[in-house]
Amino acid sequence: MTTPRVFGCVGAQLIICAVACGQTFNKRYDPFSQGYEQVAFGIETNGENGFAVTGTGYFSDSVYLYTIPFLLRLDANGQVLSENKMIGGLSSIYGGGWSNSSQRTRDGGILIGGSTYNPGDIQNVAIIRFGPTGDSLWIKEYGDGVGEWIGRAAIQTKDQGYLLCGETASIGVVDGFL
């Protein structure tokens, strides 16, 4: 069984330490290859086939520096199988987002619970769905267009639907939602 042990961020590189198939690996990754900080917020095993790591990284288009969710698929030895960076498809061209959790779906894909933002200080909760090979399937955003909505976790339900929980301060004090 493949068991992730430690993951985190040191400087600009994501570090993943794991015990995989009786072997230990300690690898460093920079999904955006720009030298900015990358932080992992979720890791899912895929049996003996490897890992799916989700997180948030800084990305620059030479005009703005913003945060972008990513999915990094690794084999059991820590070699990169695929990377998916959600640079396009978020709420605005100069917006971004972040991931706060991940879960493997029934078909072997990945579901991310997180948030998006745009320069008008509008934050929406987001569910991001990836297929089994790491391809981006869809992004769903929810919010009232006024305040701050933060998605903390998303799960797939037995009836193939999805639940997202988090917090909002759009009406004053911080409230939870499901």
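Reading the values: the criteria
- Within each chain, residues carry numbers counting from 1 in the order of the written sequence.
- The predicted nature of this model means local features are confined to residues of pLDDT at least 70 and side-chain atom pairs, given and counted, to a pLDDT of 80 or more, with totals for whole chains, interfaces and linings taken over all residues.
- By convention in this description, side-chain values take in all heavy atoms of the structure and omit both hydrogens and water.
- The helix count covers DSSP runs of H or I at least four residues long, the strand count covers runs of E at least two residues long, and both are numbered beginning at the N terminus.
- We call a residue buried when its accessible area falls under 20% of the maximum for its residue type, exposed when it is over 50%, and partly exposed in between, using a 1.4 Å probe and counting protein chains only.
- Whether two residues touch is decided by their heavy atoms; if any such pair falls within 4.5 Å, the residues are in contact.
- The method behind every accessible area is Shrake-Rupley, applied with a 1.4 Å probe, and residues are considered shielded solely by the protein chains displayed.
- The definition of a nonpolar core used throughout is a set of buried Ala, Val, Leu, Ile, Met, Phe, Trp, Tyr and Cys residues joined through side-chain atoms within 4.5 Å.
- A residue's pLDDT is simply how confident the predictor is in it, with values from 0 to 100.
- A pair of strands is treated as paired once DSSP finds two or more bridges between them.
- Interaxial angle, 0 to 180 degrees, is taken between N-to-C directions of lines fitted to C-alpha atoms, where a helix line uses only the stretch in contact.

## Details of the overall build of the protein chain
Part 1 of the reasoning: When its secondary structure is counted, the protein chain shows zero helices and 14 strands.
Part 2 of the reasoning: Secondary structure of the protein chain in N-to-C order comes out as β-β-β-β-β-β-β-β-β-β-β-β-β-β.
Part 3 of the reasoning: Looking at the protein chain as a whole, 48% of its 178 residues are labelled buried.
Part 4 of the reasoning: Put simply, 45% of the contacts in the protein chain that link residues at least 6 apart link residues at least 24 apart.
Part 5 of the reasoning: Within the structure as shown, the protein chain displays about 8500 Å² of accessible surface, and the carbon and sulfur contribution to it stands at 52%.

## Here we look at the environment of threonine 157
Part 1 of the reasoning: Within the secondary structure, threonine 157 sits in the loop between strand E12 (149–156) and strand E13 (162–168).
Part 2 of the reasoning: The sequence separation of threonine 157 and arginine 106 amounts to 51 residues, and the corresponding C-alpha distance is 9.6 Å.
Part 3 of the reasoning: When neighbours within four sequence positions are excluded, threonine 157 is seen to be in contact with Arg106, Tyr162 and Leu163.

## What to know about the nonpolar core
Part 1 of the reasoning: One finds Val53, Ile68, Leu72, Leu74, Ile110 and Phe130 to be the most contacted residues of the largest nonpolar core, which totals 21 residues.
Part 2 of the reasoning: Those elements that place two or more of their residues in this core are strand E4 (38–45), strand E5 (51–60), strand E6 (65–74), strand E9 (110–117) and strand E10 (123–130).
Part 3 of the reasoning: Per-element tally for this core: the top contributor is E6, with six residues.
Part 4 of the reasoning: Those residues in contact with phenylalanine 130 that sit more than four places away from it in its chain are Leu71, Asn84, Met86, Gly109, Ile110, Ile112, Asp135, Ser136 and Leu137.
Part 5 of the reasoning: One finds Leu111, Val125, Leu164 and Phe177 within the second-largest nonpolar core, a separate group that totals seven residues.

## With respect to the confidence of the model for the protein chain
Part 1 of the reasoning: In this model, the protein chain carries an average pLDDT of 74, and 74% of its residues clear a pLDDT of 70 or more.
Part 2 of the reasoning: The model gives residues 1–12 a pLDDT under 50, and that stretch makes 44 contacts with residues more than four places away or in other chains.

## So, the sheet that holds strand E11 (residues 136–142)
Part 1 of the reasoning: What the four strands build is an open sheet, ordered E8-E9-E10-E11; its pairing is antiparallel. Two strands close off the open sheet at either side, each with one partner strand: strand E8 (96–104) and E11. With direction set aside, neighbouring strand axes in the sheet form an average angle of 20°.
Part 2 of the reasoning: As paired elements, E8 and E9 share eight bridges and run antiparallel to each other. Looking at the pairing, tryptophan 98 lines up with serine 115 of E9.

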